[in-house]
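Chain residues, written in single-letter form:
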Amino acid sequence: MAVDIVRTFPDIRWASDGPTRGVEALVEDGLVLAFPHLPFVLDESERRFLDARWADGKAKNISVRWPGGELRGTAAEASDADALRAMIVRYAEQAEALALRLFPHYAGHLRRGNSSFRPSEVSTRQSSWRKDDSRLHIDAFPSNPMQGTRLLRVFSNVNPAAEPRQWRVGERFEEHARRYLPKIGRPLPGSSALMHLTGITKRRRTEYDHLMLQLHDRAKADLDFQRDSPQARVDFAPGTTWVVYSDQVLHAAMGGRHMMEQTFYLEVERQQQPSTSPLRTLERLLNRPLR
Ligand SMILES: [Fe+2]
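Residues numbered from 1 in each chain as written. Predicted model: local features only at pLDDT ≥ 70, side-chain atom pairs only at ≥ 80, totals over all residues. Heavy atoms only, no water.

A. Representation of the pairing of strand β6 (residues 150-157) within the structure. The element β6 is extensively covered by neighbouring structure, given that eight of its eight residues are classed as buried. The side-chain alternation of β6 yields two buried faces, one formed by R150, L152, V154 and S156 and the other by L151, R153, F155 and N157. Two strands pair when backbone bridges link them, and β6 and strand β11 (residues 259-266) are joined in this way by eight bridges, in the antiparallel orientation. What sits directly across from V154, in β11, is Q262. As paired strands, β6 and strand β9 (residues 241-245) are joined by five bridges and run antiparallel to one another. When the sheet's bridge partners are listed, L152 is paired in β9 with Y245. (Buried < 20%, exposed > 50% of the residue type's maximum accessible area, 1.4 Å probe, protein only. Helix = DSSP H or I, 4+ residues; strand = E, 2+ residues; numbered from the N terminus. Pairing = 2+ DSSP bridges.)

Put into structure tokens, the structure is as follows:
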């Protein structure tokens with residue numbers, strides 16, 4: 001079974017005068033929007049940052065956190081840190097301009113999440129299967145319950161040596177949910193309040209979050225699914241930007257290094273078609289509210 005969910009667009013500019021706009025329906029339908037001629041350009045003095053030595057050795061990414069704009073995860077200091085931060089902030093601004101052009105319906109409602117730069121190679125030797133992003137998964141995080149809020153991500157391959165970012169993409173969200181939902185039980189009574197109270201989660205883990213984490217974990221733990229489920233290999237060459245709802249699109253990072261990534265949050269109600277969201281899809285399949 002073939003998976004064909006990547007759509008390609010000719011844009012060569014990030015700003016508001018680019019040709020593609022009003023494509024909310026495509027991204028909300030679970031497609032990957034790819035822009036092979038839309039590079040994030042580093043200037044001459046920024047090329048030195050394409051080296052793993054700028055990472056602090058602990059974090060996976062060098063990131064700028066919003067709304068404060070602090071730089072994290074780097075060994076860079078003083079003027080180097082300022083220049084690195086400026087590069088990542090420029091990416092955040094360009095990604096935001098692009099997102100608002102592609103999705104004008106989201107204007108005033110798209111919230112900026114972390115901006116990050118990943119200088120190192122994708123690692124397939126993780127300490128645990130749960131953290132192994134080379135296995136097909138939807139994004140869901142144990143300590144950061146989304147309560148239904150959407151995760152929209154803009155990625156750019158900035159590799160200087162023609163090395164593609166290699167992904168696999170998988171089946172549609174509804175098929176994926178149907179595959180595992182019958183096996184997933186309800187959360188333990190009181191567990192959500194306890195995890196919030198003790199600081200394990202940043203906010204209450206709703207039943208929606210419980211289901212999304214279970215889908216993430218069951219897919220990664222299921223080696224037959226990883227090997228045999230409908231999927232496709234996608235290579236994003238250097239100079240390519242791609243946009244995806246990563247809480248909806250099954251994806252796996254198989255290789256590549258030097259990537260920029262910008263996360264945005266959007267409330268389900270602010271989508272053009274809220275019915276396509278994971279929250280509404282799961283509620284429809286289970287026939288009850290989940291938050
Ligand atoms: Fe992911």
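Now, onward.
B. Summary view of the sheet that holds strand β7 (residues 165-170). The antiparallel open sheet is built from three strands, whose spatial order is β8-β7-β10. Looking at which strands have only one partner, the edges of the open sheet turn out to be β8 (231-236) and β10 (251-255). Taken pair by pair, the neighbouring strands of this sheet meet at an average axis angle of 25°, ignoring direction. Where β7 lies against β10, four bridges are found, and the strand directions are antiparallel. Bridged to W167 within β10 is A253. (Axes fitted to C-alpha atoms, helices over the stretch in contact; angles between N-to-C directions.)

C. The arrangement of the coordination of the iron ion in detail. Those protein atoms acting as donors to the iron ion are H137 (NE2), D139 (OD) and H251 (NE2), and they sit at 2.1 to 2.2 Å. Here the donor residues of the iron ion are spaced in sequence according to H-x1-D-x111-H. Placement of D139 in the loop between β5 (111-118) and β6 and of H251 in strand β10 is noted, with a sequence separation of 112 residues between them. With respect to class, D139 is no different from H251; both count as buried. (Donors = N, O, S within 2.8 Å, 3.2 Å for Na, K, Ca; no water.)

D. Representation of unusual backbone geometry. Put simply, W66 and P67 share a cis peptide bond, and its omega is 10°. On the secondary structure map, P67 appears in the loop between β3 (62-65) and β4 (70-72). We note that A78 has phi near 50°; this positive angle belongs to a residue other than glycine. With respect to the element layout, A78 can be found in helix α2 (residues 78-102). Here A78 falls in the exposed class, since its relative accessible area comes to 60%. Despite not being glycine, Q147 shows a phi value in the positive range, around 55°.

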